[in-house]
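# Summary of structural features
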Amino acid sequence: MQILTSSRRLLVSSSLLLLAAGAACAQVVVVPPTLQIGSSNPATAEPPVTRPSTTPCVVPLLTNQEFGDYSGKPMSFTPPTSCHGPWAKIVLTADFTVTAGRQFDRTAQLYLGNTNIFYGTTAEPRSALSPSWHIERDVTDLSALLKTPQTGQAIVYNIVNSTYTGIIYGNAALEFYPASFAALAPAVPDLVIPISSVENAGVITPIVNNAGTLNTTADQLTQTLTLPRNVTRAYLDVISQSQSTDEFWYLNVPNDQTGNLEAYGNTPFRETEITIDGKSAGVAPVYPWIFTGGLDPYLWEPITGVQTLNFKPYRVDLTPFAGLLNDGNQHTVGVSVYNANSYFLATATLLVYTDHFKSQVNGALVSNTLTPPEPTVVEKLTTTSAGVTTGTITVASARKFAIKGYVETSLGRIETTVEQKVDFNSTGTFNVNAKIGAPEIQNMVQTSTVDANTTTRDGFLVEQDHKTISFPLTLDYSFLLNSDGTQTQVVTSDQKNILNETKSLDGFLLYESKTREAVNSTDTLQFTAAGALSAAGIGKTTATYKSSDTLGNCYSRTLTAANQKLTGVTNDKACKNQ
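Residues numbered from 1 in each chain as written. Predicted model: local features only at pLDDT ≥ 70, side-chain atom pairs only at ≥ 80, totals over all residues. Heavy atoms only, no water.

## Considerations on the overall build of the protein chain
So the rule is basically this: A run of DSSP states H or I qualifies as a helix once it reaches four residues; a run of E qualifies as a strand once it reaches two. Both are numbered from the N-terminal end. When charges are tallied, Lys and Arg are placed among the positive residues and Asp and Glu among the negative ones, while His and the ends of the chain are skipped. Taken as the charge location is NZ of Lys, CZ of Arg, CG of Asp or CD of Glu.
What the protein chain contains, in helices and strands, is two helices and 32 strands. Principal-axis analysis of the C-alpha atoms gives the protein chain an extent of 80 × 50 × 50 Å. Taken together, the 36 basic and 47 acidic charged side chains of the protein chain have centroids lying 4 Å from each other.

## Quick look at the packing of aromatic side chains
Where two aromatic rings form a pair, the distance of their centres and the angle of their planes describe that pair. Put simply, the rule is: Only Phe, Tyr and Trp rings take part, Trp by its six-membered ring, and two of them pair if their centres are within 6.5 Å. Stacked means planes under 30 degrees apart, edge-to-face means over 60, and tilted covers everything else. Any residue under 20% of the maximum accessible area for its type is buried, any over 50% is exposed, and the rest in between are partly exposed; the area is computed with a 1.4 Å probe on protein chains only. Only when the NZ atom of a Lys or the CZ atom of an Arg is both within 6 Å of the ring centre and within 35 degrees of the ring normal do we say a charge sits over the ring.
For the structure on display, the rule yields 17 aromatic pairs. Look at Phe248 and Tyr250: their rings are 6.3 Å apart centre to centre, the planes differ by 75 degrees, and that puts the pair in the edge-to-face class. With respect to burial, Phe248 and Tyr250 carry one shared label: buried. Pairing Tyr545 with Tyr555 gives two aromatic rings, centres 5.8 Å apart and planes at 80 degrees, and the pair type is edge-to-face. Taken together, the residues span a long stretch of sequence, with Tyr545 in strand β30 (residues 533-549) and Tyr555 in strand β31 (residues 554-562) at a distance of 10 residues. Each of the two residues, Tyr545 as well as Tyr555, counts as buried. Through pairs of rings, three or more aromatic residues link up here, namely Tyr119, Tyr287, Trp289, Phe291, Phe311 and Phe471. Stacked on the ring of Tyr235, the Lys or Arg Arg315 has its end atom at 5.9 Å from the ring centre. Arg413 extends its terminal NZ or CZ atom over the ring of Tyr406, reaching a point 3.8 Å from the ring centre.

## Brief notes about the layout of surface pockets
Keep this limit in mind: Only protein atoms enter the 1 Å grid used here, on which a cavity is any set of points holding a 1.4 Å probe that cannot leave and a pocket is any open set flanked by protein within 12 Å on both sides along at least five of seven lines; residues with an atom within 4 Å of a point are listed as lining. Grid points are joined across faces, edges and corners, and a volume is the space filled by probe spheres set on the points. In this classification, Asp, Glu, Lys and Arg are treated as charged, Ala, Val, Leu, Ile, Met, Phe, Trp, Tyr, Cys and Pro as nonpolar, and every other residue, Gly included, as polar.
Its boundaries defined by the atoms lining it, the second largest pocket holds a volume of some 460 Å³. Lining of the second largest pocket is provided by 20 residues; of these, Tyr70, Arg106, Thr107, Gln243 and Tyr343 occupy positions nearest its centre. Looking at the lining of the second largest pocket residue by residue, the class counts come to 10 nonpolar, seven polar and three charged.

## Re the sheet that holds strand β5 (residues 87-98)
Just so we agree on the cut-off: Between any two strands, at least two bridges found by DSSP are needed for them to pair. Here the axes come from fitting lines to C-alpha atoms, over the contacting stretch only for helices, and the angles between their N-to-C directions go from 0 to 180 degrees.
The strand order across the open sheet built from four strands is β3-β10-β5-β8, with neighbouring strands paired in antiparallel fashion. Both edges of this open sheet fall to β3 (57-67) and β8 (132-138), since each of them pairs with a single strand only. In this sheet, adjacent strand axes meet at a mean angle of 15 degrees when their direction is disregarded.

## Thoughts on the sheet that holds strand β7 (residues 115-121)
On the basis of which strands lie adjacent, the open sheet formed by four strands has the order β4-β9-β6-β7 and antiparallel pairing. Each edge of the open sheet carries a strand with a single partner, namely β4 (73-77) and β7. The mean angle between the axes of side-by-side strands here comes to 15 degrees, regardless of whether they run parallel or antiparallel. Alignment of β4 against strand β9 (residues 150-155), held across five bridges, turns out to be antiparallel. Bridge pairing in β9 places Met75 opposite Gly152.

## Here we look at the pattern of salt bridges
The criterion, for reference: Definition used for salt bridges: Asp or Glu carboxyl oxygen within 4 Å of a side-chain nitrogen of Lys or Arg.
Tallied over the entire structure, the rule returns 18 salt bridges. A salt bridge links Lys312 to Glu46; the shortest N-O distance between them is 3.8 Å. Taken together, the residues span a long stretch of sequence, with Lys312 in the loop between β18 (279-285) and β19 (314-317) and Glu46 in the loop between β2 (12-13) and β3 at a distance of 266 residues. Look at Lys312 and you get partly exposed, because its relative accessible area is 38%. Classification of Glu46 as buried rests on a relative accessible area of 13%. Asp465 is the salt-bridge partner of Lys503, the closest N and O atoms lying 2.9 Å from each other. Here the residue Lys503 occupies a position in strand β28 (residues 487-505), and Asp465 occupies one in strand β27 (residues 461-481), the gap between them amounting to 38 residues.

## Some points on the pairing of β30
One ladder, built from 14 bridges, connects strand β29 (residues 508-527) with β30; its direction is antiparallel. If you follow Asn520 over to β30, its bridge partner there is Thr542. One ladder, built from nine bridges, connects β30 with β31; its direction is antiparallel. Residue pairing across strands places Ser548 opposite Cys554, the latter belonging to β31. Hairpin connection, β30 to β31: the antiparallel pair is bridged by four residues, and Gly552 has positive phi, about 95 degrees.

## A few points about the environment of Asn210
Here is the rule we go by: By the convention used here, residues are in contact when the closest approach between their heavy atoms is within 4.5 Å. Under this definition, polar contacts are N or O atom pairs within 3.5 Å; protein pairs additionally need one hydrogen-donor-capable and one acceptor-capable atom, and for neighbouring residues in sequence, both atoms have to be side-chain atoms.
You can see Asn210 is positioned in the loop between β13 (203-206) and β14 (212-214). Judged by relative accessible area, Asn210 falls into the partly exposed class, the value being 21%. Taking the C-alpha atoms as reference points, Asn210 and Gly387, separated by 177 residues in sequence, lie 44 Å from one another. Filtering out sequence-adjacent residues up to four positions away, Asn210 remains in contact with Gln109, Tyr111, Asn114, Gln153, Ile155 and Tyr157. Looking at Asn210, its side chain comes within polar contact range of the side chain of Tyr157, at 3.2 Å.

## Topic: the confidence of the model for the protein chain
The line we're drawing: pLDDT expresses, on a scale from 0 to 100, how confident the predictor is about each individual residue.
Mean pLDDT for the protein chain: 92, with 94% of residues reaching 70 or above. In this model, residues 1-29 is a region of pLDDT below 50 whose contacts with residues beyond four sequence positions or in other chains number 111 contacts.

## Comments concerning the side chain of Asp105
Relative to the helices and strands, Asp105 resides in the loop between β5 and β6 (107-112). Notably, Asp105 is buried but unbridged: the nearest opposite-charge side chain belongs to Arg106, and the N-O separation is 6.7 Å. At 3.3 Å, the side chain of Asp105 forms a polar contact with the backbone nitrogen of Thr292.

## Some details on unusual backbone geometry
Geometrically, the link from Gly85 to Pro86 is a cis peptide bond, its omega value of 0 degrees lying close to zero. With respect to the helices and strands, the residue Pro86 is situated in the loop between β4 and β5. Pro302 follows Glu301 through a cis peptide bond whose omega is 5 degrees. Mapped onto the elements, Pro302 comes out in the loop between β18 and β19. Even without being glycine, Ser342 reaches a positive phi, approximately 55 degrees. Positionally, Ser342 belongs in the loop between β20 (331-338) and β21 (344-354).

Here it is, written out as structure tokens:
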């Protein structure tokens, strides 16, 4: 990945541094992972996955697998014979290590049956640091896939040579928790369908156990399918990961200013668009992940950015389209990234529920007001004869839409309406100045927000699921060319992930949950006149994760770090056993 410096003057390789579910029954309390004060190992305030109290069957997927080249590593899976489904929960666990040396951060993916079961990135090592970390993901919704043997692959494309010496090793396993009277099996999708083709420049190519590359707005993941005639609900889990000239898409500028501002183009607006048969069907905002080599690698040592090592898929509710999808005809699901600028990697999985008592369910899409985005751009910039550009650029997108459909199920007509307000706003402040002693500045304040309300009518019963999702990101970047030719770079990042959800029935509140995660980091780098790093970063980081719900579940943890060492771990007393 990349580091901010003046020769982009934004982007020089970091190698210069040498470097909702409902409540489950009888769950074990969440025990926060043990972290060592003074360690430089990757650390996050995020909680582990809660587990039922039953004893799991563990199926290994990878055992000390070496990732030292640019090839996928085969995986195979056989369901556990001692833990027959249905399962109360299935948890994926993985542990990674990078040997000490020099290495980039890498994208990490695990696939079974062409379906993504994990997506994240890796930590960067140093000559005296071999980072190790642990990840977990609840994959219970993939139960239908995991009922039968599957083949797949693990992808951590890694270059190892005389320059880049860090070798990555990985272990992974699936934990299957049997259902019991105390830990009931949840309702899970009946079909798990990967979106497994990519269309680039009008050419459709199958992709097997891998993500698809989206270089432009027109490129898309696609899947043409004929679903059973009894579909009642459908969801799409989506991950869109920025790469290459889009790695720092949130810092990009309009195409007419790429030269003046020394940045990449297509503006800082990105959004994942979902289509069915070429028509708008859903929206997934792109999370502004920052990888461990991004902006300044010392910003993320030891505390990583939000979700950096373990991405969370964004779930798009396609249930209003159930009556269309189960009509017996072929339909094509598409996934694209608006303003993609070479490039994004994307992966998506369709999750389908069917009627277990009726072989054919009629229905229809009633209305759909969703249209493609039309972002606005306001430039307030001035460029002097000396080539100094200052001012602001604001990019915004605001949409409201409603999608309504129904199905005639064995329980009667069920009508679903998805209403959403999707907002994006980015304001960049610039001072691009080559003058000695004058700082070059790029500051950015960005927010993606979704206010979503899903109303389900079943006879006289009206169920509402209301979610507010917010991805705020504030970045401040300053680069100073000193009179002696040395250089100073200061980067501050404030990154959040906020989710609030309520569920109600006929106006009565049934459930409420709140989750807030934040990572705030600042770091200063000093470079010699030749551009070499003269000292390790001097900085500090605070990470917090807080969650609670009306069922009594609670988790709260705060981490602090300074100068690449973990300095504090605090668990809120009210949540110390959660």
